[in-house]
Every structure is written in C-alpha cells, then in structure tokens.
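Chain and residue survey
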Amino acid sequence: MFEQIKWDSAGLVPAIVQDADTKQVLMMAYMNAESLQKTLEIGETVFWSRSRQELWHKGATSGNTQRVKSIHADCDGDTLLVLVEPNGPACHTGAVSCFFQAVKESNE
C-alpha cells in the first residue's frame, strides 16, 4: 500500500475520514508513513499533527476514537479515504463532523 501513496514534500498525505455506516464526512487530517503504519497496527486512526509536529492518536485524551474499517487511496495516490466506526464526535468543538460551517448553500 505504501508504494502507491504519493507523499508531499513534507512526507504527508491528506486523509479524509468518513463514517463507514452513514457515509458522512467527519474530518480531514494528515498522515505520514509512521502514522499510517501505527493506524494499521492498532486499528484506530493516528495522524500527524502539523502544529505540534508529533503523532496524534485521535481520541487518546477525549475518548472519541475512530475504529478503522478500511483505507483506500484515490486514483492518483495523493489522498486517503479512511472509513471508520466513530466512538463519539470527530470535531474538537463537539460536533459530529468538522464540516458544519456552510460557506455556500443551495438557493433552492
């Protein structure tokens, strides 16, 4: 799997996290090779925190973990889709999804 991933110049790849059951997009974070390997090992999402420059096990302190059901690379290999079973909200605000702020809504 690692061979098909196109890591950026910082060694990162965007990871879109989606609820495996509802298909709701929950969040977007970054993974590096180490966080992806750790995710595969423990079966829960682990990301690379760009602000803290360290691994970030989602839910390690909040309890809002994400059990990984599958991981897919897109056709270009430059984005991952991580299907999860969430154990609580994905957003640090307490919202189920980080995508709750409308920028543009339909006029219909």
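Everything below is about the structure shown above.
A brief look at the structure comes next. (Residues numbered from 1 in each chain as written. Predicted model: local features only at pLDDT ≥ 70, side-chain atom pairs only at ≥ 80, totals over all residues. Heavy atoms only, no water.)

Examining the pairing of strand β3 (residues 46–49)
Applicable threshold: Relative accessibility under 20% of the residue-type maximum defines a buried residue, over 50% an exposed one, and the middle range a partly exposed one, all with a 1.4 Å probe and only protein chains included. Where helices and strands are cited, they refer to DSSP runs of H or I of at least four residues and of E of at least two residues respectively, numbered from the N terminus. In this scheme, strands are said to pair when DSSP sees at least two bridges between them.
A two-sided burial pattern is seen for β3, the buried positions comprising Val 46 and Trp 48 on one face and Phe 47 and Ser 49 on the other. Where β3 meets strand β4 (residues 54–57), four bridges bridge the pair, whose relative direction is antiparallel. Across the sheet, the residue bridging to Trp 48 is Leu 55, located in β4. As consecutive antiparallel partners, β3 and β4 are separated by four residues, and within that stretch Gln 53 has a phi angle of approximately 55 degrees, a positive value.

Digging into the pattern of salt bridges
Stated precisely, the cut-off is as follows: Here, a salt bridge means any side-chain nitrogen of Lys or Arg that lies within 4 Å of a carboxyl oxygen of Asp or Glu.
Enumeration over the complete set of coordinates arrives at two salt bridges. For Glu 54, the salt bridge identified is with Arg 52, shortest N-O distance 3.1 Å. Judged by relative accessible area, which is 38%, Glu 54 ranks as partly exposed. The salt bridge involving Lys 69 is made with Glu 85; its shortest N-O contact spans 3.6 Å.

Looking at the side chain of Thr 39
Where we set the bar: Polar contact is defined as a pair of N or O atoms within 3.5 Å, subject to the rule that within protein one atom must be able to donate a hydrogen and the other to accept it, and that residues adjacent in sequence are counted only when both atoms are side-chain atoms. Contacts are residue-level and defined by heavy atoms, with any inter-residue pair within 4.5 Å sufficient.
Tracing the chain through its elements places Thr 39 in helix α1 (residues 33–42). Of the residues examined, Thr 39 reaches a relative accessible area of 1% and is grouped as buried. A polar atom in the side chain of Thr 39 sits 2.8 Å from the backbone oxygen of Ser 35. Separated by 2.9 Å, the side chain of Thr 39 and the backbone nitrogen of Val 46 make a polar contact. If sequence neighbours within four positions are ignored, Thr 39 has contacts with Met 31, Glu 44, Thr 45, Val 46, Val 68 and Ile 71.

Structural notes on unusual backbone geometry
The phi torsion at Lys 23 lies on the positive side, around 70 degrees, for a residue other than glycine. Assignment of secondary structure puts Lys 23 in the loop between β1 (13–19) and β2 (25–31). Of the residues examined, Lys 23 reaches a relative accessible area of 47% and is grouped as partly exposed. A positive phi angle, near 55 degrees, is found at Gln 53, a position not held by glycine. On the secondary structure map, Gln 53 appears in the loop between β3 and β4.

Function-wise, these values are silent; they only describe arrangement.
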